[in-house]
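Notes for the structure review
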Amino acid sequence: MSATIDARTATIRERRPSPPARLSLTPAGRIPGLLNGAWWPHSRDLYRELPALTEVLDGRWGRITRVSVNPVHWPVVPRKVPVSGHTVHVGRFTGEQDPHTLILLSYTVGRWDLLVIPPETDAPAAARLMSAAAAPGTLRTSSDLMADEDTIREEAESRAQEEEWETEGGPAPPAGASRTGLPRSAQGR
């Protein structure tokens, strides 16, 4: 274990091992579209999560030297992150960058854009998002994909509430009828 100093907060931080990267990439040789895939980090700690991501991508895409994020979803954005054998510089772009996108840069190969799936996302939703972001030729942005998933979740919640409501007594009877199905005027006879 190593200790590093975070210059912005001047505290000593213990470096814990990074969890394995959960990643889905557009297949090699295919035209990627607006996104090159998706990354589903285990937490919102870039300092801890980036080493595992770059370890996977350095061999595949060339050494990742810079990363940029929109800080909306990252509570702390370090300026530099030590990774295997080098340092990754991290940039923060609030207005210019989609809040759900991570941009990776390599001097030797170029740029890749990944959808960042929030760590708290459930596995079925993450699987849908990873598949959609890695689909060759997709023209959906990261925010578009997240909005699509929000719609799917809201529809599922609505159906679940409707089903629960119907099991607690069902739909309301039509106007002028009771739960027995007889008109209210005929029930008292």
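Below or above, wherever it landed, is the structure these notes cover. Since the structure is predicted, the reported quantities are computational estimates derived from the model, not experimental observations.

Some points on the packing of aromatic side chains
- According to the stated counting rule, one finds 2 aromatic pairs in the structure shown.
- Pairing W39 with W74 gives two aromatic rings, centres 6.1 Å apart and planes at 20 degrees, and the pair type is stacked. Separated by 35 residues along the polypeptide, W39 in strand β4 (residues 37–39) and W74 in the loop between β5 (66–69) and β6 (80–83) bring together distant segments of the chain.
- Exposure remark for W39: the relative accessible area of 1% places this residue in the buried category.
- Overall, the relative accessible area of 6% leaves W74 in the buried class.

Some thoughts on the pattern of salt bridges
- Here the structure, examined in full by the defined rule, presents 6 salt bridges.
- Residue E120 pairs with R44 through a salt bridge whose shortest N-O separation is 2.8 Å. Within this pair, whereas E120 is found in the loop between β9 (110–116) and α2 (123–134), its partner R44 is found in the loop between β4 and α1 (46–61), the two being separated by 76 residues in sequence.
- Across the salt bridge formed by E149 and R128, the nearest N and O atoms sit 2.5 Å from each other. One end of the pair, E149, is in helix α3 (residues 142–167); the other, R128, is in helix α2, with 21 residues separating them in the sequence.
- Residue E149 is classed as buried on the basis of its relative accessible area, which comes to 10%.

Observations regarding the nonpolar core
- Counting residues in hydrophobic clusters, the biggest one holds 22 residues, and the most contacted among them are W39 and L104.
- By residue number, the principal contributor to this core is α1, which donates 6 residues.
- Of all hydrophobic cores here, the second largest spans 11 residues; its members include M130, A133, L145 and M146.

Analysis parameters
- Residues numbered from 1 in each chain as written.
- Predicted model: local features only at pLDDT ≥ 70, side-chain atom pairs only at ≥ 80, totals over all residues.
- Heavy atoms only, no water.
- Phe/Tyr/Trp six-rings, centres within 6.5 Å; stacked < 30°, edge-to-face > 60°.
- Helix = DSSP H or I, 4+ residues; strand = E, 2+ residues; numbered from the N terminus.
- Buried < 20%, exposed > 50% of the residue type's maximum accessible area, 1.4 Å probe, protein only.
- Salt bridge = Lys/Arg side-chain N within 4 Å of Asp/Glu carboxyl O.
- Core = buried A, V, L, I, M, F, W, Y, C linked by side-chain atoms within 4.5 Å.

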